Amino acid sequence: RIPEALREYGVVAGALAEILLQAVLVRDDAEAHPERAVIGKNIPRWRTALTLGAMAAAIALLFSLAWLIQSGGERKILTVNQVDGSVRWTGQGGNIRDGLAKDAALGGGSVETVSDDAAVTLAFRDGSLITLMAHSAATLSDDGQKRVHLREGNLSADVRPQKSGKPLLIHTPTAVLEVLGTRFEVDSDSSNTRLSVNEGRVRMTRLVDGRVAEVSKPVWEFSVSGL
């Protein structure tokens with residue numbers, strides 16, 4: 001979803017490119033036909049065109065700044081797919097929102113499901129889904145590689161195939177999970193991580209000693225304490 005201001009910026013930028021092109025053509029025409037090179041009080045036509053181009057550039061810049069201010073300068077990486085109960089979002093600059101609306105676009109930040117009946121599903125731009133259930137807390141980011149820091153609680157995921165060398169990473173207090181594309185559930189607290197894989201494969205690394213396990217169907221539940 002492209003903000004309206006950004007679409008207008010694109011239109012103005014296109015007009016700018018056309019004006020600058022016309023300026024070059026007029027300048028070339030002026031060099032070939034000096035008698036047609038001026039308008040008004042001997043003002044070269046190509047200079048007039050360049051002046052208009054500069055004005056268009058200034059307008060485009062204003063649109064760009066307006067969009068950045070409107071969006072808070074954030075790159076939107078998530079969309080609220082579904083939300084129930086009490087959900088709290090903390091975004092850029094520590095801004096807290098105690099309610100999320102379906103289809104809301106979000107930058108990176110932290111989400112908490114703070115009531116017993118709370119649940120929220122967030123979609124990354126590629127369609128990968130992360131769902132948090134009651135009394136869970138996680139931080140999500142995407143700088144070209146998706147990362148989820150699950151501080152506590154229950155998380156389920158439906159992950160689209162990821163780029164080679166850039167798996168989705170899920171960090172818990174006791175383990176790191178590398179996901180290339182699969183469906184699974186994670187339940188975590190300060191001392192344990194429990195992983196249930198429904199489809200595909202997840203690599204699980206225990207932080208305390210670096211030991212690694214490949215977890216895949218039909219393995220249903222695998223605890224970090226059992227590595």
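Structure: see above.
The rules behind these values
- Residues numbered from 1 in each chain as written.
- Predicted model: local features only at pLDDT ≥ 70, side-chain atom pairs only at ≥ 80, totals over all residues.
- Heavy atoms only, no water.
- Helix = DSSP H or I, 4+ residues; strand = E, 2+ residues; numbered from the N terminus.
- Buried < 20%, exposed > 50% of the residue type's maximum accessible area, 1.4 Å probe, protein only.
- Contact = heavy atoms within 4.5 Å.
- Salt bridge = Lys/Arg side-chain N within 4 Å of Asp/Glu carboxyl O.
- Pairing = 2+ DSSP bridges.
- Phe/Tyr/Trp six-rings, centres within 6.5 Å; stacked < 30°, edge-to-face > 60°.
- Lys NZ or Arg CZ within 6 Å of the ring centre and 35° of its normal.
- Core = buried A, V, L, I, M, F, W, Y, C linked by side-chain atoms within 4.5 Å.

A.B. asks: Got a sec to walk through the overall build of the protein? Specific residues and values, please.
C.D. replies: Secondary structure summary: the protein contains 2 helices and 18 strands in total. Looking at the protein as a whole, 37% of its 227 residues are labelled buried. If you take every contact in the protein between residues at least 6 apart in sequence, the share linking residues at least 24 apart comes to 42%.

A.B. asks: Outline the pattern of salt bridges, listing residues and values.
C.D. replies: The full count for this structure, using the stated rule, is 10 salt bridges. The salt bridge involving Asp 103 is made with Lys 102; its shortest N-O contact spans 3.5 Å. By relative accessible area, Lys 102 is classed as exposed at 54%. The partner of Arg 194 in a salt bridge is Asp 189, with the nearest N and O atoms 3.9 Å apart. Looking at Arg 194, the relative accessible area reads 24%, which means it is partly exposed. When salt bridges with common partners are traced through the structure, they connect Asp 187, Asp 189 and Arg 194 into a single cluster.

A.B. asks: Break down the pairing of strand S17 (residues 212-216) for me, with residues and values.
C.D. replies: Here 5 bridges tie strand S16 (residues 201-206) to S17, and the two strands are oriented antiparallel to one another. Each bridged residue has a counterpart across the sheet, and for Val 202 the counterpart in S17 is Val 215.

A.B. asks: Account for the packing of aromatic side chains, with residues named and values stated.
C.D. replies: Summed over the entire model, instances satisfying the criterion amount to 0 aromatic pairs. When the ring centre of Phe 124 is taken as reference, the NZ or CZ atom of Lys 146 above it lies at 5.8 Å.

A.B. asks: Can you break down unusual backbone geometry residue by residue, with the values?
C.D. replies: Notably, Asp 103 is not glycine yet its phi reads approximately 75°, a positive angle. Take Asp 103: it is sitting in the loop between strand S5 (96-97) and strand S6 (105-106). One non-glycine residue, His 135, lies in positive phi territory at about 55°. Given a relative accessible area of 43%, His 135 falls into the partly exposed group.

A.B. asks: Requested: an account of the nonpolar core, with residues and values cited.
C.D. replies: With 35 residues, the main nonpolar core has Leu 122, Leu 155, Leu 177, Phe 184 and Leu 195 as its most contacted residues. With 4 residues, strand S11 (residues 146-158) is the single largest residue contributor to this core. Phe 184 has contacts with Leu 155, Ser 156, Ala 157, Val 159, Ile 170, Leu 177, Val 179, Leu 195, Ser 196, Val 197, Asn 198 and Val 202, leaving out every residue within four places of it along the chain.

A.B. asks: For the pairing of strand S8 (residues 119-124), give the residues involved together with the corresponding values.
C.D. replies: Where burial is concerned, most of S8 is hidden: 6 out of the 6 residues are buried. What sits between the antiparallel neighbours S8 and strand S9 (residues 129-132) is a turn of 4 residues, in which Gly 127 has the positive phi angle 95°.

A.B. asks: So what about the side chain of Thr 205? Which residues, and what values?
C.D. replies: By the secondary structure assignment, Thr 205 is in strand S16. Of the residues examined, Thr 205 reaches a relative accessible area of 17% and is grouped as buried. Sequence-distant contacts of Thr 205, defined by excluding residues within four places in its chain, comprise Thr 174, Ala 175, Val 176, Glu 178, Gly 210, Arg 211 and Val 212.

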